[in-house]
Amino acid sequence: MGAQHYLGNPNLKNSNVQLEFSPDQVKELVKCATDPKHFIENYVQIVHVDHGLVPFKLYDYQEEMVEIFHNNRFVISKLPRQSGKSTTIVSYLLHYILFNENVAVAILANKGNTARELLSRMQMSFEHLPRWLQQGVTVWNKGNVELENGSKILAAATSSSAVRGSSFNIIFLDEFAHVDPPSLADEFFNSVYPTISSGNTTKVFIVSTPYGMNKFYKMWIDAEEGRNTYVPFSVNWSDVPGRDDAWKQE
């Protein structure tokens with residue numbers, strides 16, 4: 001029998017480790033697989049700026065985000081800063097790679113460091129899952145994760161070459177309005193669209209705070225007016241609990 005832990009990390013299960021599941025755990029596995037909100041609220045932990053590691057309790061608009069991601073292929077989301085947008089989607093992507101076999105996910109951000117930070121948040125949540133909910137790990141580094149169910153996730157900067165030549169089931173574009181220079185956003189879509197359109201279930205999630213009139217702005221307006229296939233989803237700053245006029249003034 002091989003090592004129980006991946007590269008000696010006690011928080012990561014190695015591949016080919018046999019576990020016995022209790023009847024309750026089997027029921028939970030089935031429930032988690034079919035209901036990402038249940039999985040996130042009951043098993044995902046995140047780092048809170050004031051309280052450290054805490055369970056991720058979804059706000060109403062975050063629950064709606066998860067449902068929209070789960071039930072649609074193309075989603076464009078406009079959200080304010082510090083609204084938990086990235087944490088929400090990273091938690092959904094964690095669910096996706098755990099409960100789907102042989103899928104590939106790309107986390108792309110306006111900067112490579114930002115994309116790797118998002119992946120590190122997902123890795124932290126993965127490490128704090130119960131052992132019986134984890135998949136065995138085969139690759140684990142700052143830019144890539146691969147699991148024994150054949151699923152993988154990579155983090156990179158948004159660029160025309162980021163996913164060229166690869167097939168992905170989900171492409172997540174974070175802070176897409178802030179891609180610099182703006183022409184890179186057009187180049188990216190011209191390069192990546194064949195990858196996106198080659199499958200019948202491929203998903204693309206575009207999430208950003210607004211930043212002037214650019215590719216994100218055009219795609220948002222086209223989504224609102226029904227000129228593309230993206231489902232538009234927006235959150236106002238006042239939708240975030242704890243934000244009122246006093247907060248706005250401050």
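Residues numbered from 1 in each chain as written. Predicted model: local features only at pLDDT ≥ 70, side-chain atom pairs only at ≥ 80, totals over all residues. Heavy atoms only, no water.

Visitor: Go over the side chain of Ser-77, please, and point to the residues and values.
Guide: Note on placement: Ser-77 falls in strand E5 (residues 74-78). Residues contacting Ser-77, with those up to four places away along its chain left out, are Phe-69, Ile-206, Val-207, Ser-208, Phe-216, Trp-220 and Phe-233. (Helix = DSSP H or I, 4+ residues; strand = E, 2+ residues; numbered from the N terminus. Contact = heavy atoms within 4.5 Å.)

Visitor: Break down helix H4 (residues 85-99) for me, citing the residues and quoting the values.
Guide: Here H4 is 15 residues long and its end C-alpha atoms lie 22 Å apart, about the 21 Å a rise of 1.5 Å per residue gives. Judged by how many residues are buried, H4 sits mostly within the fold: 14 of 15 residues are covered. (Expected span 1.5 Å × (residues − 1). Buried < 20%, exposed > 50% of the residue type's maximum accessible area, 1.4 Å probe, protein only.)

Visitor: Please provide a residue-by-residue account of the packing of aromatic side chains, values included.
Guide: Taken as a whole and judged by the stated rule, the model has eight aromatic pairs. Between Tyr-92 and Phe-205, the ring centres sit 6.2 Å apart and the planes meet at 65°, which makes this aromatic pair edge-to-face. Taken together, the residues span a long stretch of sequence, with Tyr-92 in helix H4 and Phe-205 in strand E11 (residues 203-208) at a distance of 113 residues. Judged by its relative accessible area of 0%, Phe-205 falls in the buried class. A network of ring pairs unites the aromatic residues Phe-69, Tyr-92 and Phe-205 as a single cluster. (Phe/Tyr/Trp six-rings, centres within 6.5 Å; stacked < 30°, edge-to-face > 60°.)

Visitor: I'd love a proper account of a nonpolar patch on the surface, names of residues and values included.
Guide: A cluster of nonpolar side chains, contributed by Phe-21, Val-26 and Val-30, occupies part of the molecular surface with about 250 Å² of accessible area. By the secondary structure assignment, Val-30 is in helix H1 (residues 23-34). (Patch = residues over 30% accessible without salt bridge, like charges linked within 9 Å, V, L, I, M, F, W, Y side chains within 5 Å. Areas by Shrake-Rupley, 256 points an atom, 1.4 Å probe, with all protein chains shown as cover. Salt bridge = Lys/Arg side-chain N within 4 Å of Asp/Glu carboxyl O.)

Visitor: Go over the nonpolar core, please, and point to the residues and values.
Guide: The nonpolar side chains of a soluble globular protein tend to be buried, and buried together. If you look at the biggest cluster of nonpolar residues, it comprises 50 residues, and the most contacted ones within it are Phe-39, Leu-93, Phe-126 and Ile-153. In terms of residue count, the dominant contributor to this core is H4 (eight residues). With residues near it in sequence (within four places) discarded, Ile-153 still touches Leu-93, Ile-97, Val-105, Ile-107, Leu-119, Met-122, Gly-143, Asn-144 and Val-145. Listed in part, the 25 residues of the second largest apolar core include Phe-74, Val-179, Trp-220 and Ala-223. (Core = buried A, V, L, I, M, F, W, Y, C linked by side-chain atoms within 4.5 Å.)

Visitor: Tell me what's going on with the packing of H1 against helix H2 (residues 36-43), and back it up with residues and numbers.
Guide: Where H1 contacts H2, the two axes come as close as 5 Å, and the packing angle between them is 120°. As summarised for this structure, H1 and H2 are arranged oblique, according to the angle between their axes. Contacts from Glu-28, Lys-31, Cys-32 and Thr-34 of H1 reach H2 at Pro-36, His-38, Phe-39 and Tyr-43. (Axes fitted to C-alpha atoms, helices over the stretch in contact; angles between N-to-C directions. Parallel < 35°, antiparallel > 145°, perpendicular 65-115°, else oblique.)

Visitor: Tell me about unusual backbone geometry, residues and numbers included.
Guide: Non-glycine residue Asn-16 carries a positive phi angle of around 65°. The residue Asn-16 is located in the loop between strand E2 (9-13) and H1 in this model. Positive phi outside glycine occurs at Glu-175, with the angle close to 50°. Tracing the backbone through its elements, the reader meets Glu-175 in the loop between strand E10 (170-174) and helix H6 (183-197).

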